[in-house]
Structures are given as structure tokens and as C-alpha cells.
Amino acid sequence: MPNPRQPTNYEREALVQFARLEISLDDLCSRLQGMLTVDFGSKQRRLTSNFLAAEPGIQIEKQILQHAVDHRSSGAITARQLSDWAAMLIMNDAYEWEGLDEQVIDQLNEFALL
């Protein structure tokens, strides 16, 4: 098991790209080899991170959620992909959504439960 550490610039950029839906969950895990393990089964989701919390955290903004909704509406991603995306943002402490209003946070939680 790797020693816990801060994400490198490359890894941080991959986390940002995932939040923006520019790369898939599989691509993210591939880029973060060994530092992040995800098992998002149909009944249970597990995330194991060997990263220390990113400093500063990767800010999740309302526009990112709207972008995800637009992707889902256009068929660019499936409901399952949207759900896994939201779960990753919630479970991974690299992401920070402080400052978002409660309605947006509730929407993120709803997506994770799809």
C-alpha cells in the first residue's frame, strides 16, 4: 500500500477533469494507479484513497452540477454514470463543495442515489 500523500499536479488535474466530466471514472482510476481504488457495485460503493486531503480542495461549483445534468439530458452519459460521478464527488475528500447552497448539495446526493 502506498504511503499517503498529496496528489501530484498530474493527479490533481485528473481529478479536476473527472469533476468536469472530461474523463470517465475508469480513466481517472487508471491515471491514479494504486492511489485510488473504486468498487462501485450495484448494491454498494467503496472508495479507498491513499491521498491526503487535497490542499486546497478541488472546488465543486453549481456550474459543474448543471454541466452534469446537461450531459445526462443529452444522452452523453447514462444515469449510472451520473450516479457514480456524484458518488465519487461525495466520497472523495479531494473535492470540496463548501459554499454551495443546500439545494445543490441535495441534488448531488440525489444523483448519487440514482
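Above this text you will find the structure in question.
Q: What is the right way to look at the pairing of strand β2 (residues 45–49) in this model?
A: The sheet contact formed by strand β1 (residues 36–40) and β2 spans 5 bridges and is antiparallel. Note on β2: the bridge partner recorded for V38 is L47. The turn linking β1 back onto β2 is made up of 4 residues.

Q: Explanation requested: the environment of R12 in the structure shown.
A: For R12, the location among the structural elements is in helix α1 (residues 9–19). Between the C-alpha atom of R12 and that of F51, which follows or precedes it by 39 residues, the distance is 11 Å. If we ignore the near neighbours within four places in the chain, the residues touching R12 are P7, A54, P56, G57 and I58.

Q: Is there a simple way to explain α1 in this structure?
A: Note that an α-helix has 3.6 residues per turn; residues three or four places apart therefore point the same way. Inspection of α1 places E11, A14, L15, V16, Q17, F18 and A19 among the buried residues, and these make up the whole buried set. Looking at the packing, one finds that the buried side of α1 touches α2 (25–31), β3 (58–59), α3 (62–74), α4 (79–91) and β4 (95–96).

Q: Hey, could you run me through the nonpolar core in this one?
A: Most often, soluble globular proteins keep nonpolar side chains buried together rather than apart. Judged by nonpolar contacts, the single largest core of 35 residues is most densely connected at F18, L28, I60, W85, M88 and Y95. Mapped by element, the contributors of at least two residues to this core are α1, α2, β1, α3, α4 and α5 (102–112). By residue number, the principal contributor to this core is α4, which donates 6 residues. Sequence-distant contacts of W85, defined by excluding residues within four places in its chain, comprise F18, A19, L21, I64, L65, A68, L108 and F111.

Q: When you look at the packing of aromatic side chains in this model, what are you seeing that I'm missing?
A: A ring pair, where both rings are aromatic, is described by two values, the distance of the centres and the angle of the planes. All chains considered together, the criterion is met by 0 aromatic pairs. The cationic tip of R45 hangs over the ring face of F40; the distance from NZ or CZ to the ring centre is 5.4 Å.

Q: It is not clear to me how the pattern of salt bridges should be interpreted in this structure. Could you clarify?
A: Side-chain pairs of opposite charge can arise where the charged atoms are in close proximity. Considering all chains together, one arrives at 3 salt bridges under this definition. Residues R5 and E11 are paired through a salt bridge, measuring 2.7 Å at the closest nitrogen-oxygen approach. On the accessibility criterion, R5 (29% relative accessible area) is partly exposed. According to the relative accessible area criterion, E11 is buried, its value standing at 7%. Close ionic contact of R80 with D84 constitutes a salt bridge, the shortest N to O distance being 3.0 Å. Here the residue R80 and the residue D84 both occupy positions in helix α4, the gap between them amounting to 4 residues, near one helical turn. Exposure remark for R80: the relative accessible area of 34% places this residue in the partly exposed category. Classification of D84 by relative accessible area gives buried; the value is 12%. Taken together, the shared-partner salt bridges connect R45, R80 and D84 into one network.

Basis of the calculations
Residues numbered from 1 in each chain as written. Predicted model: local features only at pLDDT ≥ 70, side-chain atom pairs only at ≥ 80, totals over all residues. Heavy atoms only, no water. Pairing = 2+ DSSP bridges. Helix = DSSP H or I, 4+ residues; strand = E, 2+ residues; numbered from the N terminus. Contact = heavy atoms within 4.5 Å. Buried < 20%, exposed > 50% of the residue type's maximum accessible area, 1.4 Å probe, protein only. Core = buried A, V, L, I, M, F, W, Y, C linked by side-chain atoms within 4.5 Å. Phe/Tyr/Trp six-rings, centres within 6.5 Å; stacked < 30°, edge-to-face > 60°. Lys NZ or Arg CZ within 6 Å of the ring centre and 35° of its normal. Salt bridge = Lys/Arg side-chain N within 4 Å of Asp/Glu carboxyl O.

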